[in-house]
Amino acid sequence: MLHRKIADSTVRRLAIYLRFLEEFAEQGADTLSSEALAHRAGTTSAQVRKDLSFFGSFGKRGLGYDVHALASELREILGLTRRYRVMMIGAGRLASALVQYSGFGARGFDIVAVLEKDPAKIGQSWGDIPVQNVAHLEQVVRDERVDLAVLVTPADPAQALVDRLVKAGVTAILNFAPVQLHVPEGVEVKNVNLAVELETLSYAIAHRAVDAR
């Protein structure tokens, strides 16, 4: 088992490699060079080899990688050989879109509960998932054996909700709330700030225009 700390950027690239490997497999490819994988992933062949070297020896010089075998190894490394039970906190439009996204289920993430504080939304059904009162968060975590939570709320209630999640035993949180969350050691939080992502795109557009002058 791997014990050393691997950078988030490396793990992100592994997930990207896996997606492209699956595409190549669907196209009937059996082997793939590091150059071809790097080209599709927008990196270098040296970076591909370095990323994979953290986890073992893959591929053969002159022959490349076995597409199916490497994809299987990456699924194991990324923890995708099991299914995860996901709680969604927040029942707004973004949460609705996330619940309907089929890619989660395809990758092993099953949304088993949606929680909300708005009385007008509590009791609604999103597919076969009833929207429940967030006041019952701790009970839902226990009853549904929740592995990770997705927080899709405004900034104000986010930290209090995370504190409750941590106390209830949830140690993995995907945060869409526009706030920096504080969690104890052993709890993993990944932040998705859509405004920041748009601002980085704005920067790219603005500087592209400047460079073109």
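Residues numbered from 1 in each chain as written. Predicted model: local features only at pLDDT ≥ 70, side-chain atom pairs only at ≥ 80, totals over all residues. Heavy atoms only, no water.

**Observations concerning the overall build of the protein**
A tally of regular secondary structure across the protein gives 9 helices and 9 strands. Summarising its shape, the C-alpha atoms of the protein cover approximately 60 × 50 × 35 Å along the three principal directions. Within the protein, the fraction of its 213 residues that count as buried is 33%. Within the protein, residue pairs in contact and separated by at least 24 positions form 58% of the contacts whose partners lie at least 6 positions apart. With the model as given, the accessible surface of the protein reaches about 13100 Å², and the carbon-plus-sulfur share is 53%. (Helix = DSSP H or I, 4+ residues; strand = E, 2+ residues; numbered from the N terminus. Buried < 20%, exposed > 50% of the residue type's maximum accessible area, 1.4 Å probe, protein only. Contact = heavy atoms within 4.5 Å. Areas by Shrake-Rupley, 256 points an atom, 1.4 Å probe, with all protein chains shown as cover.)

**Considerations on the packing of helix H7 (residues 137-144) against helix H8 (residues 158-168)**
Interhelical geometry of H7 versus H8 gives an angle of 40 degrees and a closest axis separation of 9 Å. Here H8 runs oblique to H7, going by the angle between their axes. In this structure, H7 crosses over H8, and the sense of that crossing is right-handed. Residue-level contacts link Leu137, Glu138 and Val141 of H7 to Leu161, Arg164, Leu165 and Ala168 of H8. When grouped by side-chain class, the residues that make up the contact of H7 with H8 number 5 nonpolar, no polar and 2 charged. (Axes fitted to C-alpha atoms, helices over the stretch in contact; angles between N-to-C directions. Parallel < 35°, antiparallel > 145°, perpendicular 65-115°, else oblique. Left-handed = near helix turned anticlockwise from the far one by under 90°. Nonpolar A, V, L, I, M, F, W, Y, C, P; charged D, E, K, R; others polar.)

**Observations regarding helix H1 (residues 8-26)**
Helix length check: H1, at 19 residues, gives a terminal C-alpha distance of 28 Å against a target of 27 Å (1.5 Å per residue), a fit within 8%. All of the buried residues in H1 are Thr10, Leu14, Tyr17, Leu18, Phe20, Leu21, Glu22 and Phe24. In the core, the buried residues of H1 are packed alongside strand S1 (31-32), helix H2 (34-41), helix H3 (45-53) and helix H4 (67-77). Where H1 ends, the next residue or the one after it, Gly28, has phi of about 95 degrees, a positive value. (Expected span 1.5 Å × (residues − 1).)

**Re the packing of aromatic side chains**
Each aromatic ring pair is summarised here by two numbers: the centre-to-centre distance and the angle between the ring planes. Under the counting rule described, the total for this entry stands at 2 aromatic pairs. Ring geometry for Tyr101 and Phe104: centres 5.0 Å apart, planes at 85 degrees, overall edge-to-face. Tyr101 sits in the partly exposed class, given a relative accessible area of 48%. Overall, Phe104 belongs to the partly exposed group, its relative accessible area being 25%. (Phe/Tyr/Trp six-rings, centres within 6.5 Å; stacked < 30°, edge-to-face > 60°.)

**Considerations on the pattern of salt bridges**
By the definition in use, this model includes 10 salt bridges. The salt bridge partner of Arg107 is Glu22, with a shortest N-O separation of 2.7 Å. With Arg107 in the loop between helix H6 (102-106) and strand S4 (109-116) and Glu22 in helix H1, this residue pair connects regions lying 85 residues apart in the sequence. Residue class for Glu22 comes out buried when judged on its relative accessible area of 18%. When salt bridges with common partners are traced through the structure, they connect Asp8, Glu188 and Lys190 into a single cluster. (Salt bridge = Lys/Arg side-chain N within 4 Å of Asp/Glu carboxyl O.)

**Considering the layout of surface pockets**
As a volume, the largest pocket reaches approximately 1900 Å³. Of all elements in the fold, only H1, strand S3 (84-89), H6, S4, strand S7 (148-151), strand S8 (172-175) and strand S9 (188-191) reach the threshold of two or more residues within the lining of the largest pocket. (1 Å grid on protein atoms, 1.4 Å probe; cavity = no way out; pocket = protein on both sides within 12 Å on 5 of 7 lines; lining within 4 Å. Points joined across faces, edges and corners; volume = space filled by probe spheres on them.)

**Here's the deal with the packing of H1 against H3**
Relative orientation of the contacting elements H1 and H3 amounts to 105 degrees, with a least axis distance of 10 Å. The angle between H1 and H3 falls in the class roughly perpendicular. Contacts from Thr10, Arg13, Leu14 and Tyr17 in H1 reach Gln47, Val48, Asp51 and Leu52 in H3.

**Structural notes on the side chain of Thr10**
For Thr10, the position within the fold is in helix H1. When near neighbours in sequence (up to four residues on either side) are disregarded, Thr10 contacts Asp51 and Phe54.

**Notes on the nonpolar core**
Counting residues in hydrophobic clusters, the biggest one holds 22 residues, and the most contacted among them are Met87, Ile89, Leu137 and Leu165. In terms of residue count, the dominant contributor to this core is H8 (4 residues). Ignoring anything within four residues of it in the chain, the contact list for Leu137 reads Met87, Ile89, Leu115, Leu161, Arg164 and Leu165. Counting 18 residues, the second largest nonpolar core, distinct from the first, contains Tyr17, Leu18, Leu21 and Val48. (Core = buried A, V, L, I, M, F, W, Y, C linked by side-chain atoms within 4.5 Å.)

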